[in-house]
Amino acid sequence: MVVLRSPEGIDFEVDSGSLCVDLVYTGGAEERARWETLRTPDDLADWIAARMRVPAEHVHLGPRDLVRAKDLREVLWRSLNRRIDGSGPSPSDAAALDAAAARPDIAPQLRSPGVAVPVTGDQALSTLARDAVDLLAGPRAPRIKRCAAGDCPLVFVDTSRAGNRRWCSMARCGNRDKVRAHRRKEMHR
């Protein structure tokens, strides 16, 4: 789960359904700028530690890694939206994802802390890119959706059994839709 804050200042949880989509929820360009959480390399290291279950002291990043993570985040945003709209990533975005995924990723280990350490920016970005390639080119691709609320741009992977999830967050967008439907029903009585 990712916690976001609405323009009205209300926190709400979103289940993105995928690690790479979680990265998209860290901020970005235009309307996503209000959610920006990756301001420093330490912010990115903390995010990687939390999402990839790596002790923060073992994540070694620099300013270049932060720039590359934000670039990857925009590639993901465009690619996910293009997939929802019926096409795949642009050739340049596909090349960027493939290049990032081609690097060694974070290697799991049976021993503590559960991954080979230290973790570099290249490894973390490769792990994210591999997740994106798997999502965009795999069996979950048809489950990539945009929130059904007309004023919400968020995307998610529908992990529900029936595949009928409509909103990024039932507590926010789903509830607002139900309130609107109730008001319309009351007006027509």
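Keep in mind the model is a prediction, meaning the values are calculated, not measured.

(A) Expanded view of helix H5 (residues 121-137). Spanning 17 residues, H5 covers 24 Å between terminal C-alpha atoms, matching the ideal 24 Å at 1.5 Å per step. With 12 of its 17 residues buried, H5 lies for the most part within the structure.

(B) The arrangement of the state of the cysteines in detail. On inspection of all chains with the given rule, the structure shows zero disulfides. With no disulfide of its own, Cys147 has Cys173 as its nearest cysteine by sulfur position, at a separation of 3.7 Å. For Cys147, a relative accessible area of 6% corresponds to the buried category.

(C) Structural context of the pattern of salt bridges. Inspection of every chain in the model, using the stated rule, returns 14 salt bridges. Asp22 is the partner of Arg51 in a salt bridge, and the nearest nitrogen-oxygen pair spans 3.2 Å. Here Arg51 is found in helix H2 (residues 41-52), whereas its partner Asp22 is found in helix H1 (residues 19-24), with 29 residues between them in sequence. A salt bridge links Arg140 to Asp134; its shortest N-O distance comes to 3.6 Å. The exposure class of Arg140 is partly exposed, given its relative accessible area of 27%.

(D) Spotlight on helix H3 (residues 63-84). Over its 22 residues, H3 extends 32 Å from the first C-alpha to the last, a length consistent with the 32 Å expected when each residue adds 1.5 Å. Looking one or two residues beyond H3, the residue adopting positive phi is Gly86, at roughly 105 degrees.

(E) Representation of the packing of aromatic side chains in the model. All told, the structure shown has zero aromatic pairs when counted by the stated rule. Of note, Arg34 hangs over the ring of Trp35, and the distance from its end group to the ring centre comes to 4.4 Å. Its guanidinium or amino end placed over the ring of Phe156, Arg165 lies 4.0 Å from that ring's centre, counting from NZ or CZ.

(F) Quick peek at the packing of H3 against helix H4 (residues 91-101). Two elements in contact, H3 and H4, have axes separated by 10 Å at closest approach and are oriented at 130 degrees. Accordingly, the angle class assigned to the pair H3 and H4 is oblique. In terms of crossing hand, the pair formed by H3 and H4 is left-handed. Contacts between H3 and H4 involve Leu72, Val75, Leu76, Arg78 and Ser79 from the first element and Asp93, Ala96 and Leu97 from the second. A breakdown of the residues in the contact of H3 with H4 according to their chemical character gives five nonpolar, one polar and two charged.

(G) Fine view of the pairing of strand S1 (residues 2-5). Burial of S1 is one-sided: the residues Val2 and Leu4 facing one way are buried, the residues Val3 and Arg5 facing the other way are not. As paired elements, S1 and strand S2 (residues 11-14) share four bridges and run antiparallel to each other. When the sheet's bridge partners are listed, Val3 is paired in S2 with Glu13. Joining the antiparallel neighbours S1 and S2 is a turn of five residues, in which Gly9 adopts a positive phi near 90 degrees.

About the criteria used
Residues numbered from 1 in each chain as written. Predicted model: local features only at pLDDT ≥ 70, side-chain atom pairs only at ≥ 80, totals over all residues. Heavy atoms only, no water. Helix = DSSP H or I, 4+ residues; strand = E, 2+ residues; numbered from the N terminus. Expected span 1.5 Å × (residues − 1). Buried < 20%, exposed > 50% of the residue type's maximum accessible area, 1.4 Å probe, protein only. Disulfide = S-S within 2.5 Å. Salt bridge = Lys/Arg side-chain N within 4 Å of Asp/Glu carboxyl O. Phe/Tyr/Trp six-rings, centres within 6.5 Å; stacked < 30°, edge-to-face > 60°. Lys NZ or Arg CZ within 6 Å of the ring centre and 35° of its normal. Axes fitted to C-alpha atoms, helices over the stretch in contact; angles between N-to-C directions. Parallel < 35°, antiparallel > 145°, perpendicular 65-115°, else oblique. Left-handed = near helix turned anticlockwise from the far one by under 90°. Contact = heavy atoms within 4.5 Å. Nonpolar A, V, L, I, M, F, W, Y, C, P; charged D, E, K, R; others polar. Pairing = 2+ DSSP bridges.

Geometric descriptors of this kind do not, in isolation, establish any biological role.
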